[in-house]
Amino acid sequence: GINAEYGRMVLFPSKALLPSVRNQLHGRIRMNSDSSLKKALRLDEFCMRQWSETYAGSRISGITPEEFERKLNELYSPELLKEGYAPFCKHIFVKNFLGDSVQVSTLPITSENSHLLCSGYQSRRSEELPVLTRWFPKEKVLTHRALFLDVILYSREQVIKENEAMGNPTADHADYDWGIISIKAQDEEFELPMSPMTILRNSLGKEEGGSGVPIDRESYRKAVEYWSKNAIIQ
């Protein structure tokens, strides 16, 4: 699920190769050489959008996707897995090792900032229908460094099923246990409610970009309660 170009060989004079370029090249070569080995965690293509400048939510910067995946595999152990909303979903919570570049992705709505809220129809990717959402413009609010990263995982089998349902069959057959499908920067070391719209989308099925899990009414009410008082930063 990671779009990277490894097949092209480029020769540099050893003294002219800048350390940053040399390190990046070394990391990509190492990533490529390890691709045939089974990994516990693998960064899914869906998660790659979080490195985009226009991403609404926890944008990741200061580290390449390859480096992020490698770091999480170094930190990972099965004991870290926490239950998610379905058997195929797990969470791991790690301290924010990315520094000040990763800020919290939500803020409480208060009487002082509610006038800053924006709303509009947006889709997470081109294959999905736009839905109504609201957000705080990132340039108009103050944020702070997140304490934790909530790394959301789907089983390899679920990732393959959802990709096929969306018309994006898995191009490779890499062996891994869990796909990293989302990263949430937050201060809490526990799962925050997913948005009500995400719950509804999941219930619509894999063809609409969801997971196919039916609505749990109690979870939905908790999501409404949380997101009535909080909004994402975009």
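Above this text you will find the structure in question.
A.B. asks: Outline the environment of Thr133, supporting the account with residue identities and numerical values.
C.D. replies: Structurally, Thr133 is set in strand S6 (residues 131-136). By relative accessible area, which is 25% here, Thr133 ends up partly exposed. The spatial distance from the C-alpha of Thr133 to the C-alpha of Ser195 is 9.5 Å, given a sequence separation of 62 residues. Beyond its immediate stretch of four places on either side in the chain, Thr133 contacts Cys118, Ser119, Gly120 and Gln122.

A.B. asks: How would you summarise the nonpolar core if you had to cite specific residues and measurements?
C.D. replies: Within the largest apolar cluster, 24 residues are counted, with the highest numbers of intra-cluster contacts made by Leu41, Trp51, Phe68, Leu149, Ile180 and Ile183. Mapped onto this core, the elements with two or more residues apiece are strand S1 (39-43), helix H2 (65-75), strand S3 (89-95), strand S7 (148-155) and strand S8 (176-186). Counting residues per element, this core draws most heavily on S8, at 4 residues. Of all hydrophobic cores here, the second largest spans 10 residues; its members include Ala86, Val159, Tyr176 and Ile181.

A.B. asks: Which residues make up the sheet that holds strand S5 (residues 118-122), and what values go with them?
C.D. replies: In spatial order, the strands read S4-S9-S6-S5; together these 4 strands make up an open sheet with mixed pairing. On the outer flanks of this sheet lie strand S4 (106-108) and S5, each paired with one strand and no other. Taken pair by pair, the neighbouring strands of this sheet meet at an average axis angle of 50°, ignoring direction. In the sheet, S6 pairs with strand S9 (residues 230-233) via 2 bridges, with the strands oriented parallel.

What counts and how
Residues numbered from 1 in each chain as written. Predicted model: local features only at pLDDT ≥ 70, side-chain atom pairs only at ≥ 80, totals over all residues. Heavy atoms only, no water. Helix = DSSP H or I, 4+ residues; strand = E, 2+ residues; numbered from the N terminus. Buried < 20%, exposed > 50% of the residue type's maximum accessible area, 1.4 Å probe, protein only. Contact = heavy atoms within 4.5 Å. Core = buried A, V, L, I, M, F, W, Y, C linked by side-chain atoms within 4.5 Å. Pairing = 2+ DSSP bridges. Axes fitted to C-alpha atoms, helices over the stretch in contact; angles between N-to-C directions.

Function cannot be inferred from these measures alone, as they are strictly geometric.
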